[in-house]
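This is what each chain is made of:
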Amino acid sequence: MNPVATAIVAISGELTSALRLDEVTTFRALLEPTDEKYGDLSFPAIRYTKDVKGLAEDLRKFLSSKGLNYVSVEQVQGFLNFRFMCPGLASATIAWLQSDGNLDVIKAEKVSTVVVEHTSANPIHPLHIGHTRNACIGDSLVRLLRARGHRVISRYYVDDMGRQMAIVALGVRLLGGDLDSIITKTNRKPDYVIGWIYAVTSTTVDLMAAKAKGDQDEASKLASALVRLKSQDPIGVFDQLYNSILSLNDPEKAISEINSRYESGLEPERSFVRSIANAVLRGFTQSLNRLGVSFDEWDWESDLVWKGLVKAIVDEIKASRFYTKHKGADAIDVPMIIKEVLINDPEAMKSIQLPRGLEIPPLVVLRSDGTSLYTTRDLAYSLYKFSTSGADRVINVIGADQRLPQLQLRLALLGLGHRKEAINMFHYDYEAVRLPTGSMHGRRGEYVTLDETLETAKARALEEVRSRNPQVDSRWAEEVAEKVAVGAVRFAMVQVSASKPLVFDLSKALNLKENSGPYLQYTRVRALGILEKHGPIDYGAANPEACSEQLRSLMLSALRFPLVAAKAADDLAPELLASYLLSLADRFNNWYEKDAVIREQDVGARELKAIVVALVEQALRRGLELLGVPTPDRM
RNA sequence: GGGCCCGUAGCCCAGCCAGGAUCAGGGCGCCAGCCUGCGGAGCUGGAGGUCCCGGGUUCAAGUCCCGGCGGGCCCGCCA
């Protein structure tokens, strides 16, 4: 560990035992940002002891006994202020670097196996920016937890069952059923073609229902959506599709028949529906690869059903004392689980966090026609995720609109005796992404897709890259523009906390100025430029005495990286790392304007500065990698 | 009707869970400056705020509690 991390960990440990606190409390207090005039770390000791002066004295003795002579302790009012002092800090840093020091994220003391399920978009239309937020958050969590030393398995839940999937299948079938030829007729990605078919089919079916109900308002809205969809026709088959649907006597029946035959695993639906889902997933994989997101496992919902896992859980429910009928359908009595199990289990209460006064209805597990519901299958899937991965913890990155079903799920697991799973399954919820123009409607084909977003971002970045590098060949410019585009999108998606709705304004995300992914990429390129010009660093020649105040604080910031990343991982808070990186970059750019490395005449000072630049570069590079932001060497 | 989330300068947001010390911050946009010399996607300075409102707890509240207000989401044999 580097000198700063070592000292912070040591101080935290000492305060923990001296004041009999838990380690998390002290560690967090020490990582809180402080006003620089008070020092580099501060601890509100008055909260825990009357004898602040004595505590300060103890810490001084402790630090000197550990050889941490570069840290000073000052007592001001009720606070202990720590300061890393420069010649000492610089020498310790140089020594540490000479023995192969690097900025690895501090490893967790207790390594665990964690499943992160994320993205899991239904295979019926292209990925849009809502899924993009999910993918960026999920993948950043995966990277952070891995860096922290955990064993992490990323999983994608392919939701290929249910009504929506049956609707697409109906649409494709009405177009003749030859999916490959439909797709090859266009040069669009398969997810776009299928997304369009889905939107037309679903909207037409809804239009028929609205007309049947006599709902004129709704019908005219749907009709105008269809006009738009017709104008977006990628294969010239709108009329054929639209008319075939209208000619159906009972589209609902056709849909539920496909659904039920697919659930039973009957041909031809079994192969047909799969082939559609697979085509869409090919499109997804392409888009996700661009973003740098990949998965360890793709879990098919249909497999869970066909393997009998869903039936097994239904049998379990039927045999359970919490089995009930709700409006005539098989259900699980969630209110009774709360009353009889949850409130007698403090640990489960703490983990599940039931909102007070919330009335939760029983959870229906089977439709009257015997087919399963989404939550039923998810119940089976939850157990599957734990058992196949040997997971200690499962994190589900799912939109906040699914809070209630996720809560019901955990309660159902608890009631069925799967207590460990219920307690260790965590719904990482994030708020929706909205457009400045309003909400998106997948069923109407109204969305801004990930691909479009990346393309627009890339085009914008390309202009910038070309204007800065007029001589460069276009292939290189394209590669860099791609990295900038991906960096802009990924950073924009994680820098805002997940609990805030994100209004996605394309032109704002593409603003390549401060507080953006490209700003960080650019800052790192500057640092790298200095290092390349400077050449290999001569650690032995570096002079610790040449450490100015600005250089000291820059070095300190970079050396904090392993702890900040560890905290971001523990708190599942990528935005913490994002704001740290921005402040590190700001600090570096400030210093950069005022001081010089290559032109520094004094060798000792020059080598020390180069060392700090190298540390900043490393912290930025590693930090960006954890957020999935590419790190071009030139741009 | 009930539950949850959000409400900080014209705009976007950090800080709130784990209350502290000029704590009211950062960015965008705007205004005024800095381009022979490590890349200006940068830097310096300026204007701009009842931290939604009202109570309460505390030596101390943007942060905790209660009550409102505004916006979003959820309360389906959809996913």
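From a predicted model like this one, the values you see are computed outputs, not experimental measurements.

Turning our attention to the protein's contact with RNA strand B. With respect to spatial proximity, 67 residues lie near RNA strand B, and among them Asp159, Ser368, Arg468, Ser497 and Asp595 are the closest. At the protein interface, 67% of the atoms of RNA strand B within 4 Å belong to sugar or phosphate. In the model, a sugar or linking oxygen of RNA strand B is placed 2.3 Å from a nitrogen or oxygen of the aspartate 159 side chain. At 3.2 Å from a phosphate oxygen of RNA strand B is found a side-chain nitrogen or oxygen belonging to arginine 377. Where the surface near RNA strand B is concerned, the elements lending two or more residues are strand S3 (79-84), helix H17 (374-389), helix H18 (403-415), helix H20 (450-468), helix H23 (517-534) and helix H26 (574-594). Counting residues per element, the surface near RNA strand B draws most heavily on H23, which supplies eight residues. Residues belonging to the surface near RNA strand B are distributed by class as follows: 27 nonpolar, 15 polar and 25 charged.

Let us now look at the sheet that holds strand S4 (residues 113-117). Strand order in the open sheet formed by five strands is S6-S5-S4-S10-S11, and the pairing between neighbours is parallel. Each edge of the open sheet is held by one strand with a lone partner, namely strand S6 (297-300) and strand S11 (425-430). Put simply, the sheet's adjacent strands are angled 25 degrees from each other on average, direction ignored. Across four bridges, strand S5 (residues 151-158) lies against S6 in parallel orientation. Each residue of the ladder has a partner; that of valine 158, found in S6, is tryptophan 300. The sheet contacts of helix H5 (residues 129-147) involve S4, S5, strand S10 (393-399) and S11, and relative to S10 the element is tilted by about 160 degrees.

To continue, consider the pattern of salt bridges. Applying the stated criterion across every chain, the model contains 42 salt bridges. One salt bridge connects glutamate 482 with lysine 458, and the closest N-O pair in it is separated by 3.5 Å. Note that glutamate 482 is positioned in helix H21 (residues 474-495) and lysine 458 in helix H20, a separation of 24 residues in sequence. As far as the burial class goes, glutamate 482 and lysine 458 line up, both buried. Taking the shortest distance from any N to any O, the salt bridge between lysine 609 and aspartate 595 comes out at 2.7 Å.

Glancing now at the sheet that holds strand S8 (residues 329-332). With antiparallel pairing, three strands are arranged side by side in an open sheet as S7-S8-S9. Strands at the two margins of the open sheet, each flanked by one partner only, are strand S7 (323-326) and strand S9 (363-364). Two strands pair when backbone bridges link them, and S7 and S8 are joined in this way by four bridges, in the antiparallel orientation. From the neighbouring strand, threonine 324 faces S8, where its bridge partner is alanine 331.

The subject of this paragraph is the nonpolar core. Grouped together as the largest cluster of nonpolar side chains are 209 residues, with contacts concentrated most on Leu80, Phe82, Phe84 and Ile332. Ignoring anything within four residues of it in the chain, the contact list for leucine 80 reads Leu15, Leu41, Ser42, Phe43, Ala45, Val52, Leu55, Ala56, Leu59, Val73, Glu74 and Gln75.

This part is about the state of the cysteines. Taken as a whole and judged by the stated rule, the model has one disulfide. Each disulfide pairs two cysteine sulfurs, and for cysteine 86 the partner residue is cysteine 547, the sulfurs being separated by 1.9 Å. Note on the cysteine 86 and cysteine 547 pair: the S-S dihedral is about 70 degrees, so by sign convention the disulfide is right-handed. Of this pair, cysteine 86 sits in helix H4 (residues 86-98) while cysteine 547 is found in the loop between H23 and helix H24 (549-559), placing the two residues 461 residues apart along the sequence. Exposure class is identical for cysteine 86 and cysteine 547. Each is buried.

Right, let's talk about the packing of aromatic side chains for a bit. Tallied over the entire structure, the rule returns 14 aromatic pairs. Aromatic pair phenylalanine 561 and tyrosine 580: ring centres 6.3 Å apart, planes at 40 degrees, arrangement tilted. With phenylalanine 561 in helix H25 (residues 561-570) and tyrosine 580 in helix H26, the pair connects residues that are 19 residues apart, well separated along the chain. In this structure phenylalanine 561 comes out as buried when scored by relative accessible area, which is 0%. Measuring from centroid to centroid gives 5.9 Å for phenylalanine 588 and tyrosine 592, while their planes differ by 50 degrees, and the two rings are tilted. Of the two residues, phenylalanine 588 and tyrosine 592 both sit in helix H26, four residues apart, roughly one turn of that helix. An aromatic cluster is defined as three or more aromatic residues linked by ring pairs; in this entry it consists of Tyr156, Phe295 and Trp298. Sitting over the face of the ring of tyrosine 592, arginine 526 holds its NZ or CZ atom 4.0 Å from the ring centroid.

For the rest of this paragraph, the subject is the pairing of S10. When you tally the buried positions in S10, you get six out of seven residues, the bulk of the element. For S10 and S11, the ladder comprises six bridges, and the chain directions are parallel. Directly across from valine 397, in S11, lies its bridge partner tyrosine 428.

Judged from the six bridges that link them, strand S2 (residues 71-76) and S3 form a sheet pairing that is antiparallel. Of the residues in S3, the one forming a bridge with valine 76 is phenylalanine 79. Count of turn residues in the S2/S3 antiparallel hairpin: two residues, of which glutamine 77 carries a positive phi of about 50 degrees.

Residue glutamate 267 is joined to proline 268 through a cis peptide bond whose omega torsion reads 5 degrees. Its place among the elements puts proline 268 in the loop between helix H11 (251-263) and helix H12 (269-291). With phi around 65 degrees, aspartate 100 is a residue other than glycine that occupies positive phi space. Within the secondary structure, aspartate 100 is located in the loop between H4 and S4. Non-glycine residue threonine 119 carries a positive phi angle of around 65 degrees. As for its placement among the helices and strands, threonine 119 is situated in the loop between S4 and H5. Among the residues examined, threonine 119 registers a relative accessible area of 5% and is labelled buried.

Each value, and the rule that gives it
Residues numbered from 1 in each chain as written. Chains lettered and ligands numbered in written order. Predicted model: local features only at pLDDT ≥ 70, side-chain atom pairs only at ≥ 80, totals over all residues. Heavy atoms only, no water. Near = heavy atom within 4 Å. Polar contact = N/O pair within 3.5 Å; in protein donor to acceptor, adjacent residues only side chain to side chain. Helix = DSSP H or I, 4+ residues; strand = E, 2+ residues; numbered from the N terminus. Nonpolar A, V, L, I, M, F, W, Y, C, P; charged D, E, K, R; others polar. Pairing = 2+ DSSP bridges. Axes fitted to C-alpha atoms, helices over the stretch in contact; angles between N-to-C directions. Contact = heavy atoms within 4.5 Å. Salt bridge = Lys/Arg side-chain N within 4 Å of Asp/Glu carboxyl O. Buried < 20%, exposed > 50% of the residue type's maximum accessible area, 1.4 Å probe, protein only. Core = buried A, V, L, I, M, F, W, Y, C linked by side-chain atoms within 4.5 Å. Disulfide = S-S within 2.5 Å. Phe/Tyr/Trp six-rings, centres within 6.5 Å; stacked < 30°, edge-to-face > 60°. Lys NZ or Arg CZ within 6 Å of the ring centre and 35° of its normal.

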